[in-house]
Amino acid sequence: MLDKLKEFWKTYARHFKERKISIVFLSILMILVAIIDGVSPLIYGNTIDGITQNNMKYTFGLILLSFILAIIRSIISSIEGRKTACLILSIANKIKSSLFEKTIKMKASKLDIYTKGEIFNRLEDSCNNTVKFCVELSKSLIIIVINTVVPLIFIFRISVNLSVFALMILPLMFLVTLLFQRVINKIQSEFVKNKDEYTVFVYNSLESIEGIKSFQIEDTAMSGFQRSISNIFYIFKRQQNIGVALRILQDVIIAVFNFIVLYLAASYIMSGKFTVGNLVSFSIYIEILFTAISSIMTFSISYQQNVIDITRILDIEHAPFEVNTLDYKIIDEPIIKIEANHLNFSYSNGKRILKNLNLKINEPGWYSLVGENGCGKSTFFKILEKFYDCEKNMF
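Residues numbered from 1 in each chain as written. Predicted model: local features only at pLDDT ≥ 70, side-chain atom pairs only at ≥ 80, totals over all residues. Heavy atoms only, no water.

1. Observations concerning the overall build of the chain
Across its full length, the chain holds 11 helices and 2 strands. The secondary structure elements of the chain, listed N-terminal to C-terminal, are α-α-α-α-α-α-α-α-α-α-β-β-α. A compact globule built from 395 residues should have a C-alpha radius of gyration of about 21 Å, whereas the chain, at 31 Å, is more than 25% larger. Taken over the C-alpha atoms alone, the chain extends approximately 105 × 45 × 35 Å along its principal axes. Taking all 395 residues of the chain together, 38% fall into the buried category. Carbon and sulfur atoms make up 62% of the accessible area of the chain, which totals about 24,100 Å². (Helix = DSSP H or I, 4+ residues; strand = E, 2+ residues; numbered from the N terminus. Rg over C-alpha atoms; globule rule 2.2 N^0.38 Å. Buried < 20%, exposed > 50% of the residue type's maximum accessible area, 1.4 Å probe, protein only. Areas by Shrake-Rupley, 256 points an atom, 1.4 Å probe, with all protein chains shown as cover.)

2. What to know about the packing of aromatic side chains
Summed over the entire model, instances satisfying the criterion amount to 5 aromatic pairs. Between Phe 8 and Tyr 12, the aromatic rings sit 5.0 Å apart at their centres with planes inclined by 55°, giving tilted as the arrangement. Residue Phe 8 and its partner Tyr 12 are located together in helix 1 (residues 2–17), separated by 4 residues, close to a single helical turn. Comparing Phe 8 with Tyr 12, the two get one shared label, buried. Between Tyr 198 and Phe 225, the aromatic rings sit 5.9 Å apart at their centres with planes inclined by 50°, giving tilted as the arrangement. A residue pair is termed long-range when its members are at least 10 positions apart, and Tyr 198 in helix 6 (residues 160–207) and Phe 225 in helix 8 (residues 218–270) qualify at 27 residues. Owing to a relative accessible area of 22%, Tyr 198 belongs among the partly exposed residues under this scheme. (Phe/Tyr/Trp six-rings, centres within 6.5 Å; stacked < 30°, edge-to-face > 60°.)

3. What to know about the side chain of Ser 22
In this fold, Ser 22 is placed in helix 2 (residues 20–52). Exposure remark for Ser 22: the relative accessible area of 12% places this residue in the buried category. In this view, Ser 22 contacts Lys 83 and Leu 87; residues no more than four positions away in its chain are not counted. (Contact = heavy atoms within 4.5 Å.)

4. With respect to helix 11 (residues 377–384)
Taken together, the buried positions of helix 11 are Thr 379, Phe 380 and Ile 383. In a view along the axis of helix 11, the buried residues occupy a sector of 105°, so they form one face of it. Packed against the buried residues of helix 11 are strand 1 (338–346) and strand 2 (352–361). Phi turns positive one or two residues past the end of helix 11, at Lys 386, with a value near 65°. (Arc of directions from axis to C-beta.)

5. Section: the state of the cysteines
Evaluation of the coordinates by the stated rule reveals 0 disulfides. The thiol sulfur of Cys 86 is not disulfide-bonded, and the nearest other cysteine sulfur, from Cys 127, lies at 16 Å. Looking at the unpaired Cys 134, the closest cysteine sulfur is the one in Cys 127, lying at 10 Å. (Disulfide = S-S within 2.5 Å.)

6. What to know about the packing of helix 6 against helix 8
Interaxial distance between helix 6 and helix 8 falls to 9 Å at its minimum, and their mutual angle equals 175°. Relative to helix 8, helix 6 is oriented roughly antiparallel. Residue composition of the contact of helix 6 with helix 8, grouped by class: 31 nonpolar, 9 polar and 3 charged. (Axes fitted to C-alpha atoms, helices over the stretch in contact; angles between N-to-C directions. Parallel < 35°, antiparallel > 145°, perpendicular 65-115°, else oblique. Nonpolar A, V, L, I, M, F, W, Y, C, P; charged D, E, K, R; others polar.)

7. As for the pattern of salt bridges
Two side chains of opposite charge can pair, provided their charged atoms sit close to one another. For the structure shown, the criterion picks out 9 salt bridges. Where Lys 102 meets Glu 317, a salt bridge forms, and the shortest distance between an N and an O atom there is 3.8 Å. With Lys 102 in helix 3 (residues 56–104) and Glu 317 in helix 9 (residues 276–317), the pair connects residues that are 215 residues apart, well separated along the chain. This pair shows no difference in class: Lys 102 is buried, exactly as Glu 317 is. A salt bridge links Arg 312 to Asp 196; the nearest nitrogen and oxygen atoms lie 2.7 Å apart. With Arg 312 in helix 9 and Asp 196 in helix 6, this pair connects stretches of sequence that are 116 residues apart. The class of Asp 196 is buried, set by a relative accessible area of 8%. (Salt bridge = Lys/Arg side-chain N within 4 Å of Asp/Glu carboxyl O.)

8. A short note on helix 2
In this model, helix 2 (33 residues) spans 49 Å end to end at C-alpha, consistent with the 48 Å of a helix rising 1.5 Å per residue. The sharpest bend along helix 2 reaches about 25° and sits at Ser 40, with the proline Pro 41 one to four residues further on. Asn 54 lies just past helix 2 and shows a positive phi near 60°. (Expected span 1.5 Å × (residues − 1). Bend = angle between axes of the 7 residues up to and from the residue.)

9. Brief notes about the confidence of the model for the chain
When pLDDT is averaged across the chain, the result is 82; 95% of the residues are at 70 or more. Looking over the chain, one finds the lowest element-wise mean pLDDT in helix 10 (residues 322–325), namely 56, and the highest in helix 3, namely 89. (pLDDT = per-residue confidence, 0-100.)

10. As for the environment of Asp 3
Within the fold, Asp 3 resides in helix 1. C-alpha separation for the pair Asp 3 and Val 307, spaced 304 residues apart in sequence, amounts to 9.6 Å.

11. A look at the nonpolar core
Ranked by internal contacts, the top residues of the largest apolar core, which has 32 residues, are Ile 169, Phe 257, Ile 286 and Phe 290. Among the elements of the structure, helix 5 (116–158), helix 6, helix 8 and helix 9 are those that each provide at least two residues to this core. Excluding its chain neighbours within four sequence positions, the residues that come into contact with Phe 257 are Phe 165, Ala 166, Ile 169, Ile 286 and Phe 290. (Core = buried A, V, L, I, M, F, W, Y, C linked by side-chain atoms within 4.5 Å.)

And the structure:
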């Protein structure tokens, strides 16, 4: 699975490297946020202990420090959010430009595989989703490490026994996520397929809107539209249901853990081995740790879903160019004569359109090809324009 991500990075690394300063800046902002989040629970716990000890001067100092850190964190988070959104759009636009160029220069026989709506979704949705995933992953890796290591250090300093118990819960959370992963991937594939079909339907309907009005088939078109959006909504609800089920199971595991921890902590406090401030700090650090672990699992699921988008992008990126695959030349002089000798042609689906066609036009003039639908009129001109290959000497 990681091969797809490596291939995507190898293909488009230049666009990310062009914005490496922005990515480094975002990483620094995220590190600052992580540091603030790392020390805040300790400050909060000490504040509670200061209150219980009636030490007002000490308590006021910690409250003031918490207030300043909260303001700083809010400013940093706002800047980070804006910079991230601009960075994602900037890189996505670069990749979209590359894909658009590939599309308009793609060999016609390859282009026939896709519908126009599907190509649009690949340029828009698949590109945006993949770039967002890569940017979020690159700037969040450091934060996940910090939010995993720092809480572990502090919870072990607070209580070794409770920390060991906390670590026993983590494998169970990973197991629950893995059980849902395959189902989530399958539903995502169905969602992408139906989204393509919906886009194709809307595109074709709007392109043929005069025909729809002329033949008075508005109700038929509306029924098709409703069917398309109903399919998408049905799959969306399945996605949401799976997500809810996963979150409920994770929350139940955490709730059971919190119940046991609170019971043990209460016994420690009553025996004088623990303070209320220790309990508060421990609980917040555990929440940060679980959030970091959840982020890892979320990225794992997101990657599995993004493999579909990455594959859709790379299919277009690696499609052959017409100018690179055809032995073509630009004709500067007027065409005087056209001759086809025993011309045969079949599309990629195996359907034969032209069979043993012989045609000769000896002088310039106005000509028309007449025939029933599907007999090969358009195909003939596409071959003449070298949109498709044919055997040498047939033209």
